[in-house]
Amino acid sequence: MNGRVTRVAAVAALCLSAWSGPGYWHSARADLVGHGGMVRAVDVSPDGSRVLTGSFDFTARLWDFGLQSEIAVLNEHAGPVTSVAFLPDGRRGLTTSDDMTAILWDLESGKLVRRFVGHKHKVMTVAVDREGRLAATGGWDKTIRIWDLATGNTLRVIELPSPVNAVAFLDDGRVVSGSHDGKIRLWNAAGGIDGTLEGHAMGITQINVSPNGGQLLSSSIDKTIRVWDVASLRELRSIKVHDGQVFGAVFSPDGRSALTAGRDGFVVQWDLERGEATRQIRAHDRIVWAVRFTPDGRFAISGSSDDHARVWHLETGDRVGQTDEEAESEEAKPWLTSDHPGAKLFTKCARCHAIRAEDRQRSGPYLKGLFGRRVGSVSGYKYSPALTGVDFVWNEQTLFDLFDRGPDKVLPGTKMPVQRVPDATELGHLVNYLKALTGGQGSP
């Protein structure tokens with residue numbers, strides 16, 4: 001008994017990843033699959049519940065993070081989508097495109113609210129101020145435009161000597177830009193320049209502001225990221241991070257580490273104090289264009305030229321769940337024909353769990369013998385080191401408690417971003433069916 005939190009602990013967690021309330025199920029999958037072109041941009045809502053992706057298929061898509069299921073397709077652009085951003089309220093979002101426009105979306109309805117027109121070349125980047133009142137867009141027309149989100153009016157146009165790839169708002173309302181010429185510029189409210197940060201040898205690809213507002217993180221096709229002090233306009237650290245261009249870099253929620261995305265297909269987590277890699281994930285076989293932390297810092301979401309976005313557990317480097325193709329098999333599926341009231345609820349669990357040890361294994365452990373099994377006791381299975389000292393047996397009560405309170409409460413640090421089952425009757429049916437199916441009682 002290793003006393004560690006296990007993916008066995010997520011037996012029902014994975015089942016529950018498809019559950020959204022009585023009588024309602026989503027398709028469970030590991031990758032955020034649906035785009036028909038490279039995923040160029042990713043953002044996560046302030047509460048961590050939803051994800052926005054932007055693609056060269058001309059669409060942005062809204063996803064439920066816990067269920068890894070598509071909520072809406074945002075399809076009003078006439079060109080590839082280059083950047084996406086949630087507003088602070090989490091209910092609205094912005095997208096930009098090669099079609100020279102930006103769009104404000106109502107994410108509750110999936111409807112276009114307002115289109116922002118004015119750029120003369122592709123719009124590559126968007127940022128929102130902390131109050132959610134202003135947006136800044138940067139384009140290859142060598143301008144930054146500041147917009148009033150309530151009216152759609154252009155408040156200011158800032159002209160630069162080089163195309164703009166990245167913009168960000170500082171907490172004091174100033175705008176930071178990164179351009180093809182490798183320079184980072186700070187702009188005041190009047191559109192005047194407050195300073196220039198020089199150090200990158202080639203074009204800037206992304207700029208991110210630290211959680212405390214005091215530092216900037218920049219990435220570049222010169223294969224480096226750099227950390228800058230906002231007050232002194234001084235470079236604090238330069239790190240060579242990939243074997244190819246770096247297309248994205250973001251601070252962790254605590255500001256102590258960063259994630260990078262690059263041409264080499266890796267997502268890398270960096271200790272910014274030491275300048276050392278702490279986690280290297282071969283996330284995709286093709287270019288990784290974008291990466292984001294979830295607000296709790298436990299997961300990363302990557303977007304790639306392979307048309308997929310993927311979710312990664314940073315403590316272990318594991319990919320969360322499996323693809324639909326990996327979950328398909330010729331194994332017996334008694335839940336499909338059973339009249340047990342919990343069988344229908346179990347259907348989506350089967351995408352991520354084999355029933356027997358001899359079946360083709362998936363992202364979760366096999367379920368046979370679950371009831372009466374101690375946590376962490378499946379031989380040869382890779383358990384998460386997130387927690388230690390967990391020592392109990394899976395039974396009706398512990399599984400019910402897991403689903404009732406939520407895995408994040410019962411087993412803090414568990415890999416799966418899951419939801420509770422709020423209906424006690426439905427939950428009872430699910431636990432009862434798990435017991436029948438895994439050999440604890442009767443017949444499934």
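If you're wondering where the values come from, they're calculated on a predicted model, not measured in any experiment. Along each chain, the written sequence defines residue order, and numbers are assigned to residues from 1. Residues qualify for local features only when their pLDDT is at least 70, as the model is predicted, and side-chain atom pairs are given and counted only at 80 or more; totals for whole chains, interfaces and linings, by contrast, use all residues. Computation of side-chain values covers all heavy atoms of the structure but excludes hydrogens and water.

(A) Up close: the overall build of the protein chain. Helix and strand definitions follow DSSP, with helices as H or I runs of at least four residues and strands as E runs of at least two, each counted in order from the N terminus. Along the backbone of the protein chain there are six helices and 28 strands. Out of the 444 residues belonging to the protein chain, those deemed buried represent 59%. Put simply, of all contacts in the protein chain between residues at least 6 apart along the chain, 47% involve residues at least 24 apart. Each accessible area is a Shrake-Rupley result for a 1.4 Å probe, and residues are judged covered by the shown protein chains and nothing else. Accessible area of the protein chain: about 17,300 Å², with a carbon and sulfur share of 46%. Working definition: with a 1.4 Å probe on protein chains only, accessible area under 20% of the residue-type maximum means buried, over 50% means exposed, and in between means partly exposed. Any pair of residues with heavy atoms lying within 4.5 Å of one another is described as a contacting pair.

(B) Just the nonpolar core, in detail. Core analysis: the largest hydrophobic core is formed by 22 residues, its most contacted members being Trp 335, Phe 346, Trp 394, Leu 399 and Phe 403. Among the secondary structure elements, those contributing two or more residues to this core are helix 3 (343-346), helix 4 (396-405) and helix 6 (424-437). Ranked by residue count, the leading element in this core is helix 6, at six residues. Think of a nonpolar core as a cluster: buried Ala, Val, Leu, Ile, Met, Phe, Trp, Tyr and Cys residues, connected wherever their side-chain atoms sit within 4.5 Å.

(C) Spatial organisation of the packing of helix 4 against helix 6. Every angle, taken between N-to-C directions, lies between 0 and 180 degrees, and every axis is a line fitted to C-alpha atoms, over only the stretch in contact when it is a helix. Where helix 4 meets helix 6, the closest approach of the two axes is 10 Å, and the angle between their N-to-C directions is 135°. When the interaxial angle is binned, helix 4 and helix 6 end up oblique. The handedness of the crossing between helix 4 and helix 6 comes out as right-handed. Two secondary-structure elements touch here, helix 4 through Glu 396, Leu 399, Phe 400, Phe 403 and Asp 404 and helix 6 through Ala 424, Leu 427, Gly 428, Leu 430, Val 431, Leu 434 and Lys 435. For the contact of helix 4 with helix 6, the residue count by class is eight nonpolar, one polar and three charged. For classification, angles of less than 35 degrees are called roughly parallel, those exceeding 145 degrees roughly antiparallel, those between 65 and 115 degrees roughly perpendicular, and all remaining angles oblique. By convention the crossing between two helices is left-handed if the near helix lies anticlockwise of the far one by an angle smaller than a right angle, and right-handed if it lies clockwise. Under the grouping applied here, Gly and all other residues not named as nonpolar or charged are polar, the nonpolar ones being Ala, Val, Leu, Ile, Met, Phe, Trp, Tyr, Cys and Pro and the charged ones Asp, Glu, Lys and Arg.

(D) Quick look at the environment of Ala 127. With respect to the helices and strands, Ala 127 occurs in strand 9 (residues 123-128). In this view, Ala 127 contacts Leu 134, Ala 135, Ala 136, Val 167, Ala 168 and Phe 169; residues no more than four positions away in its chain are not counted.

(E) Quick peek at helix 4. Looking only at helix 4, the buried set comprises Leu 399, Leu 402 and Phe 403. Along the axis of helix 4, the buried residues cluster in a sector spanning 85°; they form a single face. Polar contacts, as used here, are pairs of N or O atoms within 3.5 Å; protein pairs need one atom able to donate a hydrogen and one able to accept it. Residues neighboring in sequence count only if both atoms are side-chain atoms. Two or three places before Gln 397, at the opening of helix 4, Asn 395 has a side-chain oxygen 3.0 Å from that residue's backbone nitrogen. Just past helix 4, the residue Gly 406 takes up positive phi, approximately 105°. Arc definition: directions from the helix axis to the C-beta atoms.

(F) Looking closely at the sheet that holds strand 27 (residues 309-313). Any two strands with at least two DSSP bridges between them are considered paired. One open sheet holds the four strands; their spatial order is 25-26-27-28, and the pairing between them is antiparallel. At either margin of the open sheet sits one strand with a lone partner, and together these are strand 25 (288-293) and strand 28 (318-319). Here five bridges tie strand 25 to strand 26 (residues 299-304), and the two strands are oriented antiparallel to one another. By the bridge assignment for strand 26, Val 291 is matched with Ser 302.

(G) Region of interest: the side chain of Ser 45. Within the fold, Ser 45 resides in the loop between strand 1 (39-44) and strand 2 (50-55). According to the relative accessible area criterion, Ser 45 is buried, its value standing at 3%. In this view, Ser 45 contacts Arg 50, Phe 86 and Pro 295; residues no more than four positions away in its chain are not counted.

(H) Inspection of the pairing of strand 26 at higher detail. The buried fraction of strand 26 is high, at six of six residues. Across the two faces of strand 26 the burial is the same, with Phe 299, Ile 301 and Gly 303 and Ala 300, Ser 302 and Ser 304 all buried. Following strand 26, the chain reverses through four residues before pairing antiparallel with strand 27; Asp 307 in that reversal takes a positive phi of roughly 80°.

(I) Local environment of the pairing of strand 14 (residues 175-179). Counting buried positions along strand 14 gives five out of five residues, so the element sits mostly inside the fold. Alternating positions in strand 14 separate into two faces, Val 175, Ser 177 and Ser 179 on one and Val 176 and Gly 178 on the other, with burial throughout. Inspection of the sheet shows strand 13 (residues 164-169) paired to strand 14 by five bridges, in the antiparallel sense. If you follow Ala 166 over to strand 14, its bridge partner there is Gly 178. The turn linking strand 13 back onto strand 14 is made up of five residues, and Gly 173 within it adopts a positive phi angle of 95°. Across four bridges, the pairing between strand 14 and strand 15 (residues 184-187) is antiparallel. Across the sheet, residue Val 175 finds its bridge partner in strand 15, namely Trp 187. Counting the residues that bridge the hairpin from strand 14 to strand 15 gives four residues, and of these Gly 182 lies at a positive phi of roughly 80°.

Purely spatial values, then, with no claim about function.
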